[in-house]
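Read off the chains here:
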Amino acid sequence: MASVDSRSGFCNSNSTFYSKRKPIPLPPNPSLDVTTFISSQAHLGRTAFIDASTGKNLTFAELWRAVESVGDCLSDMGIRKGHVVLLLSPNSILFPVVCLSVMSLGAVITTTNPLNTAAEIAKQIKDSKPVIAFTTAELLPKIAAASGGSKKRLPIVLMDEERKKRLLIVLMDEERFDSAGEVRRLAEMMRRKPSGTRVAERVDQDDTATLLYSSGTTGMSKGVVSSHRNLIAMVQTVVNRFGSDVGSQGEQRFICTVPMFHIYGLAAFATGLLAYGSTIIVLSKFEMGEMLSAIGKYQATYLPLVPPILVAMVNGAEQINAKYDLSSLHTVLCGGAPLSKEVTEGFMDKYPTVKILQGYGLTESTGIGASTDTVEESRRYGTAGKLSASMEGRIVDPVTGRVLGPNRTGELWLKGPSIMKGYFSNEEATSSTLDSEGWLRTGDLCYIDEDGFIFVVDRLKELIKYKGYQVPPAELEALLLTHPEIADAAVIPFPDREVGQFPMAYVVRKAGSLLSEKSVMEFVAKQVAPYKRVRKVAFVSSIPKNPSGKILRKDLIKLATSNSKL
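Because the structure is predicted, anything quoted here is derived from the model rather than measured.

Parameters at a glance
- Residues numbered from 1 in each chain as written.
- Predicted model: local features only at pLDDT ≥ 70, side-chain atom pairs only at ≥ 80, totals over all residues.
- Heavy atoms only, no water.
- Helix = DSSP H or I, 4+ residues; strand = E, 2+ residues; numbered from the N terminus.
- Buried < 20%, exposed > 50% of the residue type's maximum accessible area, 1.4 Å probe, protein only.
- Contact = heavy atoms within 4.5 Å.
- Areas by Shrake-Rupley, 256 points an atom, 1.4 Å probe, with all protein chains shown as cover.
- Lys, Arg positive; Asp, Glu negative; His and termini not counted.
- Charge placed at Lys NZ, Arg CZ, Asp CG, Glu CD.
- Pairing = 2+ DSSP bridges.
- Phe/Tyr/Trp six-rings, centres within 6.5 Å; stacked < 30°, edge-to-face > 60°.
- Lys NZ or Arg CZ within 6 Å of the ring centre and 35° of its normal.
- Core = buried A, V, L, I, M, F, W, Y, C linked by side-chain atoms within 4.5 Å.
- Axes fitted to C-alpha atoms, helices over the stretch in contact; angles between N-to-C directions.
- Parallel < 35°, antiparallel > 145°, perpendicular 65-115°, else oblique.
- Left-handed = near helix turned anticlockwise from the far one by under 90°.
- Nonpolar A, V, L, I, M, F, W, Y, C, P; charged D, E, K, R; others polar.
- Salt bridge = Lys/Arg side-chain N within 4 Å of Asp/Glu carboxyl O.

K.L.:
Can you walk me through the overall build of the protein in this structure?
P.N.:
Each helix and strand in the protein was counted, giving 17 helices and 31 strands. Each principal axis of the C-alpha distribution contributes one length, and for the protein these read about 70 × 60 × 55 Å. Residues classed as buried in the protein amount to 55% of the 566 residues present. A separation of at least 24 residues holds for 67% of the contacts in the protein among residues at least 6 apart in sequence. Total accessible area on the protein stands at roughly 24500 Å², and carbon and sulfur atoms take up 51% of it. A gap of 3 Å separates the mean positions of the 66 positive and 58 negative side-chain charges of the protein.

Set out below in structure tokens:
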């Protein structure tokens, strides 16, 4: 390799940024599934999962025994390599059991949001064609409706053009559930003694392991195909990032606040953190009080979260510190969006014994991309961190395609062992996102500074085109959040015949505020160039966001344009 700048990691000869972190070791054996890889690691811990509300737990021994038993049962039921298995469930200590069992067979796990409507679930079923679904009694009616069935009979899905086949259902509830149909129970599958009669199929690292649907913040969601190698690389990255803490500080306990159906939750809690024996305390759904209580009750050391939760902790710090025991907590891990200097300093001031680490990743990169791994790195305010181990990056001018150097803004491209195989049954979307050399176009407008830190400016597709100018919504949102009477804000492009688009702000006032539209526009106008001014304001009770904390601009654009036609 030609000479690489020791500070930025930039190589002039090929205009590529190289990670300055120690490369991750990948297993040389091509025939290896991610479940076997994780279970073969040296586990230092005893308890794998704890249910925050009931205290029920799974030891590592119980976890791997359950995974083997469920895998055997699935094999007996005819589940084979390449079959798709749907998982519709809130967070639970059984969620990882299902994922690991399915992947151990070479079958493919596809997860979906429990808050999705039956129509949204139906789209995913139609696209991914699962042969079996794991769910709860409460969510069973959604699968029934999504699959053309009803509450009273088993759903049916069209498996191919010639025949219809029943979608097998496995309920994850502990209690007995009476249903008019052939419904299996996960608890019974877990109690079965491993038989050793499983149909053994060779699973290669290149085989598909997961089919996760991207959040679709700017358009239709797409099925992201990730291989066992992608997940193994992710696990190794997670272990390298946190593994050194285990020996020096004793057992590490993570609070699971984010959904396991999302790449953030799946990567951290259902796979990655198991590889070195950490304990994961699972919240079935996020509730601030329950999360804070669980930290003290179970002596949690790590708290992974998304920016809105961290902001809420800053705003409510006085009451939180008075009511809850957070003495065991030493690290907060934040992903989804970079944190501003104000929020970071505000948190450090209110919680001086807790450090903040940040991470950047996409579903398409198996949750891996960049991170801050030390307090010193986190003090580079506004950064998404440095490139993850074994990851390469490029900054590409979205107009000319020219590859740029340090401190130049363009689209961030990533390349590495965790980058997806492609989009499921969508060659057009795959070819427009992955190039022939394996570079992933992230769609994020970024720059990498002289020290190798990545700064996300905005989503490329979300730039507002005002006359000939490009306006980044994130810049205006960060500015709005500095207003003392604004609790949250989002900026979207509003269509206009004369200028093309102009910035419109959705604003959440702080309690008791009577802030006016005119005041908001004047506040922004004083601090930005004329073409960046907000020209329309609407007040709302909350800003819609996806599970990772990203603003759902498409929902706000739909709201704004539908209201304008009234």
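K.L.:
I keep staring at the pairing of strand E26 (residues 453-459) and nothing clicks. Help me out?
P.N.:
Working note: regular strand, side chains alternate between the two faces of the sheet. Summarising the sheet, strand E20 (residues 385-387) and E26 pair through two bridges and their orientation is antiparallel. Considered in E26, the bridge of Lys-386 is made with Phe-453. With antiparallel pairing between neighbouring strands as the criterion, strand E25 (residues 440-448) and E26 make up a hairpin whose turn holds four residues, including Gly-452 at a positive phi of roughly 85°.

K.L.:
Help me understand the packing of aromatic side chains, please; the structure alone is not making it clear to me.
P.N.:
Aromatic ring pairs are defined here through the distance separating the ring centres and the angle between the ring planes. Within the structure shown, the criterion is met by five aromatic pairs. The ring of Tyr-423 carries the charged tip of Lys-222 above its face, separated from the ring centre by 5.0 Å.

K.L.:
Explain the environment of Ile-38 to me, please; I cannot follow it from the model alone.
P.N.:
One can find Ile-38 in helix H1 (residues 34-39). A C-alpha to C-alpha distance of 38 Å links Ile-38 and Leu-404, two positions 366 residues apart in sequence.

K.L.:
Teacher, can you tell me more about the nonpolar core here?
P.N.:
Note that soluble globular proteins tend to have their nonpolar side chains buried in a common cluster. Ranked by size, the top nonpolar core spans 123 residues in total, and within it Leu-63, Leu-74 and Phe-134 carry the most contacts. The biggest single contributor to this core is helix H2 (residues 60-76), with eight residues. Apart from the residues lying within four places of it in its own chain, the contact partners of Phe-134 are Leu-74, Val-85, Leu-86, Leu-87, Leu-88, Val-98, Val-170, Met-172, Leu-186 and Met-189. Judged by nonpolar contacts, the second largest core, of 31 residues, contains Tyr-466, Ala-489, Ile-492 and Met-504.

K.L.:
What exactly am I supposed to notice about the pairing of strand E16 (residues 302-305) here?
P.N.:
Side chains of E16 alternate between two faces, with Tyr-302 and Pro-304 and Leu-303 and Leu-305 buried alike. Bridge analysis of E16 against strand E17 (residues 331-335) gives four bridges, and the strand direction is parallel. For Leu-305, the partnering residue across the bridge sits in E17 and is Cys-334.

K.L.:
How should the environment of Gly-71 be read in this particular structure?
P.N.:
With respect to the helices, strands and loops of the structure, Gly-71 is situated in helix H2. On the basis of relative accessible area, Gly-71 is assigned to the buried category, the value being 0%. Sequence separation of Gly-71 and Ser-101 is 30 residues, and the distance between their C-alpha atoms is 4.8 Å. In this structure, Gly-71 is in contact with Ser-101, Leu-105 and Arg-198, ignoring residues within four places of it in sequence.

K.L.:
Help me out: how do you make sense of the environment of Glu-498 in this one?
P.N.:
Note on placement: Glu-498 falls in the loop between strand E29 (486-496) and strand E30 (500-509). The exposure class assigned to Glu-498 is exposed, which follows from its relative accessible area of 76%. Sequence-wise, Glu-498 and Glu-342 are 156 residues apart; in three dimensions their C-alpha atoms are separated by 37 Å.

K.L.:
Which parts of the structure should I look at to understand the packing of H2 against helix H3 (residues 95-104)?
P.N.:
The angle between the axes and the distance between the axes are what describe a pair of packed helices. One can describe the packing of H2 onto H3 by two numbers: an axis separation of 8 Å at closest approach and a directional angle of 55°. In terms of axis orientation, H2 runs oblique to H3. As H2 runs across H3, the sense of the crossing is right-handed. Side by side, H2 and H3 meet where Leu-63, Trp-64, Ala-66, Val-67, Val-70, Gly-71 and Leu-74 of the first sit next to Val-97, Leu-100, Ser-101 and Val-102 of the second. For the contact of H2 with H3, the residue count by class is nine nonpolar, two polar and no charged.

K.L.:
Sorry if this is basic, but what is going on with the pattern of salt bridges here?
P.N.:
Where charged atoms from two side chains of opposite charge come close, those side chains can pair. One pass over the full model with this rule turns up 14 salt bridges. The shortest N-O distance in the salt bridge between Glu-188 and Arg-185 comes to 3.5 Å. Its relative accessible area of 37% is what places Glu-188 among the partly exposed residues. Exposure remark for Arg-185: the relative accessible area of 10% places this residue in the buried category. The residue Glu-475 makes a salt bridge to Lys-532 at a minimum N-O spacing of 2.8 Å. Of this pair, Glu-475 sits in helix H15 (residues 473-480) while Lys-532 is found in the loop between helix H16 (517-525) and strand E31 (536-539), placing the two residues 57 residues apart along the sequence. Among the residues examined, Glu-475 registers a relative accessible area of 36% and is labelled partly exposed. Several salt bridges converge on common partners, so that one network encompasses Arg-7, Arg-380, Asp-449 and Asp-451.

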